[in-house]
Amino acid sequence: MEILTVTPFLDYFEKIRSRTMRVVACIPPAQVEWRCKEGKFTLGDLARHIASVERNVFAEAVAGGRNRYAGCGRELADGYDEVVRYMERMHSESMSIVSRLSDADLLRKCASADGTPMATWRLLRAMTEHEIHHRGELYAYLGILGVAVPPLYGLTSEQLQEIAVRSQPNQARQAT
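All figures in this text were calculated on a predicted structure; none of them were measured in a lab.

1. Some details on a nonpolar patch on the surface
At step 1: On the surface, a cluster of nonpolar side chains totalling about 290 Å² of accessible area is made up of Met-1, Tyr-12 and Ile-132.
At step 2: Along the chain, the position of Tyr-12 falls in helix H1 (residues 6-24).
At step 3: Owing to a relative accessible area of 33%, Tyr-12 belongs among the partly exposed residues under this scheme.

Laid out in C-alpha cells, this is it:
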C-alpha cells in the first residue's frame, strides 16, 4: 500500500489508534506492569513503547530528525492513568508533525531508525504496522490474564461462525 496523500493517511491512522486505545482501556489498572514472562514487555511497557516509538522514531524521522527512542520504562509514565495520558500526548505531537507534511513530502527520503534512507510514505506505513504488531501483543497478554477485549471490527469469531451457519440454508436455496 502506497501512501500518496497525507489527509486520508491521518484519518486511517486515527482509526488504527482508536482501536489500539480500545484495547488499552481493557488493561486492569492494577496489572498495568504485569508481564507474561521475565524479559518481556509489561502491558504498560507495550503501551509506552507504541507511544514513544511513534513520536521519537517515526514522527521525528518524517520531520527530518533522528531516532530519539530512549526506551519504554515507567520513568516515562507510571500507573495506568499516566500511561494513557502519555500515549495521548505522544500521539498528539506525532499527528501534529505528520499533518504538516505535504503530499510531495511523502515521496522525499527520510532516515529510518538505523539511518537507512527511505521514502517518507514507507516510514509511515511501517509506523502503522508497528502499532498493529504491538496491539496484537496487548490482545494476547490480556487473553492470558482472562480479560475480555473488544472484537477488532465489531464481530467475534463465534459471531462470524454463527452468521455463516445461519446463511447456509439460504445459500443452498439460492443455488437451486
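2. Let's talk about the state of the cysteines
At step 1: Taken as a whole, this structure holds zero disulfides when the rule is applied.
At step 2: Note on Cys-26: no disulfide assigned, nearest cysteine sulfur contributed by Cys-36 at a separation of 18 Å.
At step 3: Not part of a disulfide, Cys-36 finds its nearest cysteine sulfur in Cys-72, a span of 14 Å.
At step 4: We classify Cys-36 as partly exposed; its relative accessible area is 35%.

3. Some words on the packing of helix H2 (residues 43-62) against helix H3 (residues 80-99)
At step 1: Relative orientation of the contacting elements H2 and H3 amounts to 15°, with a least axis distance of 9 Å. With respect to their mutual orientation, H2 and H3 come out roughly parallel. Where H2 crosses over H3, the handedness of that crossing is left-handed. Residues Gly-44, Ala-47, Arg-48, Ile-50, Ala-51, Ser-52, Glu-54, Arg-55, Asn-56, Ala-59 and Val-62 of H2 touch H3, and the partners they reach there are Val-83, Tyr-86, Met-87, Met-90, His-91, Glu-93, Ser-94, Met-95, Ile-97 and Val-98.
At step 2: A breakdown of the residues in the contact of H2 with H3 according to their chemical character gives 12 nonpolar, five polar and four charged.

4. Observations regarding H2
At step 1: With 20 residues, H2 ought to run about 28 Å at 1.5 Å a step, and its terminal C-alpha atoms sit 28 Å apart, in line with that.
At step 2: Counting buried residues in H2 gives 20 out of 20 residues, a clear majority hidden from the surface.
At step 3: Structurally, the start of H2 carries an N-cap: the backbone nitrogen of Gly-44 is 3.3 Å from a side-chain oxygen of Thr-42.
At step 4: Following H2 by one or two positions, Gly-64 adopts a phi angle in the positive range, close to 90°.

5. Side note on H1
At step 1: For H1, spanning 19 residues, the distance from its first C-alpha to its last is 26 Å, which sits close to the expected 27 Å at 1.5 Å a residue.
At step 2: Every buried residue of H1 is accounted for by Val-6, Phe-9, Leu-10, Phe-13, Ile-16, Arg-17, Arg-19, Thr-20, Met-21, Val-23 and Val-24.
At step 3: Looking at the buried side of H1, the elements it contacts are H2, H3 and helix H4 (120-144).

What counts and what doesn't
Residues numbered from 1 in each chain as written. Predicted model: local features only at pLDDT ≥ 70, side-chain atom pairs only at ≥ 80, totals over all residues. Heavy atoms only, no water. Patch = residues over 30% accessible without salt bridge, like charges linked within 9 Å, V, L, I, M, F, W, Y side chains within 5 Å. Areas by Shrake-Rupley, 256 points an atom, 1.4 Å probe, with all protein chains shown as cover. Salt bridge = Lys/Arg side-chain N within 4 Å of Asp/Glu carboxyl O. Helix = DSSP H or I, 4+ residues; strand = E, 2+ residues; numbered from the N terminus. Buried < 20%, exposed > 50% of the residue type's maximum accessible area, 1.4 Å probe, protein only. Disulfide = S-S within 2.5 Å. Axes fitted to C-alpha atoms, helices over the stretch in contact; angles between N-to-C directions. Parallel < 35°, antiparallel > 145°, perpendicular 65-115°, else oblique. Left-handed = near helix turned anticlockwise from the far one by under 90°. Contact = heavy atoms within 4.5 Å. Nonpolar A, V, L, I, M, F, W, Y, C, P; charged D, E, K, R; others polar. Expected span 1.5 Å × (residues − 1). Polar contact = N/O pair within 3.5 Å; in protein donor to acceptor, adjacent residues only side chain to side chain.

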